[in-house]
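Structural characterization, general
Take a look at the letters that make up each chain.
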Amino acid sequence: MSTGPCDCRKTDRYVSFSGIDCAGNARRIIETIDGHLAVPGRRDRFWEYFDRKRAGGSGPRPDDLFLVHSHLNQIREYFEAWDDAAALQLLDQVEQECC
């Protein structure tokens, strides 16, 4: 029994991300983290774990957006600790637009 014409168009659940450079912005966050971690005294056990996870040490190598999304709170605390307002602004943008 038919209930009417079929709308067989494929939908794209990510259409709302059109025009947003989520991958590029997440990469910039990771690059900012790398810059902070290069400074002596700014690395701890969590960031060692983060580096291993980023390299795929505990499974498949995740993309940057996944890492940012998975560790938003830790990244936010880190940027706050080093008073990096520009990084915090970018993190807020990525969180609102992409996560």
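Just above sits the structure.
An account of the accompanying structure is given in this report. (Residues numbered from 1 in each chain as written. Predicted model: local features only at pLDDT ≥ 70, side-chain atom pairs only at ≥ 80, totals over all residues. Heavy atoms only, no water.)

1. Here's the deal with the state of the cysteines
Going through the model one piece at a time under the given rule, you end up with one disulfide. In this model Cys22 forms its disulfide with Cys98; the gap between the sulfur atoms is 2.1 Å. On the sign convention where negative means left-handed, the S-S torsion of about -85° between Cys22 and Cys98 marks this disulfide as left-handed. With a gap of 76 residues between them, Cys22 in helix α1 (residues 22–37) and Cys98 in helix α5 (residues 85–98) connect regions that are remote in the sequence. The exposure classification of Cys22 matches that of Cys98, with both residues buried. Cys99 forms no disulfide, and the closest cysteine sulfur to it belongs to Cys98, at a distance of 6.4 Å. (Disulfide = S-S within 2.5 Å. Helix = DSSP H or I, 4+ residues; strand = E, 2+ residues; numbered from the N terminus. Buried < 20%, exposed > 50% of the residue type's maximum accessible area, 1.4 Å probe, protein only.)

2. Focus: the packing of aromatic side chains
On inspection of all chains with the given rule, the structure shows seven aromatic pairs. Plain terms: the ring middles of Phe46 and Trp47 are 4.7 Å apart, the flat faces sit at 85° to each other, and that makes the pair edge-to-face. We classify Trp47 as buried; its relative accessible area is 3%. Here the aromatic rings of Phe46 and Phe50 are separated by 6.1 Å at their centres, their planes lie at 40°, and the arrangement is tilted. Here Phe46 pairs with Phe50, and both are found in helix α2 (residues 45–54), just four residues apart, close to one helical turn. Accessibility expressed as a relative area gives 0% for Phe50, which makes it buried. The ring of Trp82 carries Arg42 above its face, with NZ or CZ at 4.0 Å from the centroid. (Phe/Tyr/Trp six-rings, centres within 6.5 Å; stacked < 30°, edge-to-face > 60°. Lys NZ or Arg CZ within 6 Å of the ring centre and 35° of its normal.)

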